[in-house]
Amino acid sequence: MIDKSSVFAQFAELTPDSVSPVKVTVACEVQGDIEATAGEEVVTVLTSPDGVTTPDGRDTFAVNQSQRIP
């Protein structure tokens, strides 16, 4: 994902000394209902609140419900 480091630094997850890959917390909006896929609850999220995207501009992802922080 690409954005300014200040977006990711709010939880002290990304610093100038970080070695990639780094787990970070990203603000997101839930799009639609939770679906059950192979025994996992999956939800589609949009990472647009902070304008975070992948290098190719993607901002919509399917993630496990357990990965979301309320």
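Criteria and thresholds
Residues numbered from 1 in each chain as written. Predicted model: local features only at pLDDT ≥ 70, side-chain atom pairs only at ≥ 80, totals over all residues. Heavy atoms only, no water. Helix = DSSP H or I, 4+ residues; strand = E, 2+ residues; numbered from the N terminus. Polar contact = N/O pair within 3.5 Å; in protein donor to acceptor, adjacent residues only side chain to side chain. Pairing = 2+ DSSP bridges. Axes fitted to C-alpha atoms, helices over the stretch in contact; angles between N-to-C directions.

Asker: Looking at this structure, I do not really get the side chain of Thr 47. What am I missing?
Answerer: With respect to the helices, strands and loops of the structure, Thr 47 is situated in the loop between strand E2 (40–46) and strand E3 (60–64). From its side chain, Thr 47 meets the backbone oxygen of Val 52 in a polar contact 2.6 Å long.

Asker: Please clarify how the sheet that holds E2 should be interpreted in this entry.
Answerer: As summarised here, the arrangement of the three strands in space is E1-E2-E3, forming an open sheet in which the pairing is antiparallel. Each end of this open sheet is capped by a strand with a single partner; those strands are strand E1 (29–37) and E3. Strand-to-strand twist of the sheet, defined as the mean angle between neighbouring strand axes without regard to direction, takes the value 25 degrees. Both E2 and E3 contribute to a ladder of five bridges, which runs antiparallel. Looking at E3, one finds that Val 43 is bridged to Val 63.

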